[in-house]
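# Observations on chain architecture
This is what each chain is made of:
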Amino acid sequence: MEKETRSFQETLNLETRDDGKTVIKGMAAMYRVRSVNLGNFTEEIMPGAFDGVMKREKRNVVGVFNHDTNIVLGTERAGTLRLSPTEQGLGYEIDPPATRADIVELIRRGDVYGSSFAFTVAKDGDEWTTDENGGHLRYVRAIEGLYDVGPVLTPAYEDTSVAVRSLDKHLKTHRPALMLPALRRDAKLEKALRRFLRQHGRKIG
């Protein structure tokens, strides 16, 4: 599966510890939160979607800014990124290096206020249905790969190209059968049609 990104607004804050160091805390993903329109569909991440990833050994998710691997804030390998599944979703904590004080300041000022994560969906890990308005709705039930989490400047942005292709595939394999309306015979109409055809020299059965 190809990589996708999702973001959530207003899930980011800072915490200053007793030693004076700052910790970035946020929710990378929220369960059962209906997304905005992502391009002809909406989406919800379901509870348990991260279970398989969290059980995986030697996992090394990276904490980055704006999904930019050139701006590393922490890593699981070094213990400077910690993931914490909760009933609400997937939380994270990052111990940013002193060299990233500018990003910390942007979060403190409110310029940066969202969190995001990059992932791949497991095979058969999503389900397509329709919402209450008849639109396409995707439930993400199992995530195969989790690559990075962290603060983002523009949480409204979503990379949905992979999901759109998944929707297209779903539509191609689940097109509803064409239902023709039932036709009710009308004796008076049939009689009138037969009379008209006889008057014009047409043979009828």
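The model shown is predicted, which means the values in this text are computed figures rather than measured ones.

## With respect to the sheet that holds strand β11 (residues 136-140)
Strand order in this open sheet of 3 strands is β4-β11-β10, and the pairing throughout is mixed. The open sheet terminates on both sides in strands that have one partner only, identified here as β4 (41-45) and β10 (126-130). Averaged over all pairs of adjacent strands, the angle between their axes in this sheet comes to 25°, without regard to strand direction.

## Thoughts on the environment of histidine 136
Examined against the element boundaries, histidine 136 turns out to sit in strand β11. Sequence separation of histidine 136 and asparagine 40 is 96 residues, and the distance between their C-alpha atoms is 6.8 Å. Setting aside its immediate chain neighbours within four residues, histidine 136 contacts Asn40, Phe41, Thr42, Trp128, Thr129, Leu167 and Leu171.

## What to know about the confidence of the model for the chain
Mean pLDDT over the chain stands at 87; residues scoring 70 or higher make up 88%. Looking at the elements of the chain, mean pLDDT is at its lowest for helix α4 (residues 187-199), recorded as 73, and at its highest for strand β5 (residues 62-65), recorded as 98.

## Regarding the packing of aromatic side chains
A full pass over the atoms with the stated rule returns 4 aromatic pairs. Between tyrosine 31 and phenylalanine 50, the aromatic rings sit 6.3 Å apart at their centres with planes inclined by 40°, giving tilted as the arrangement. In this pair, tyrosine 31 is assigned in the loop between β3 (22-30) and β4 and phenylalanine 50 in the loop between β4 and α1 (51-54), connecting sequence segments 19 residues apart. Each member of the pair, tyrosine 31 as well as phenylalanine 50, carries the same accessibility label: buried. Aromatic ring contacts, followed pair by pair, group Tyr31, Phe50, Phe117 and Phe119 into a single cluster. Geometry around tyrosine 147 places lysine 3 over its ring, the cationic atom sitting 4.7 Å from the centre.

What counts and what doesn't
- Residues numbered from 1 in each chain as written.
- Predicted model: local features only at pLDDT ≥ 70, side-chain atom pairs only at ≥ 80, totals over all residues.
- Heavy atoms only, no water.
- Pairing = 2+ DSSP bridges.
- Helix = DSSP H or I, 4+ residues; strand = E, 2+ residues; numbered from the N terminus.
- Axes fitted to C-alpha atoms, helices over the stretch in contact; angles between N-to-C directions.
- Contact = heavy atoms within 4.5 Å.
- pLDDT = per-residue confidence, 0-100.
- Phe/Tyr/Trp six-rings, centres within 6.5 Å; stacked < 30°, edge-to-face > 60°.
- Buried < 20%, exposed > 50% of the residue type's maximum accessible area, 1.4 Å probe, protein only.
- Lys NZ or Arg CZ within 6 Å of the ring centre and 35° of its normal.

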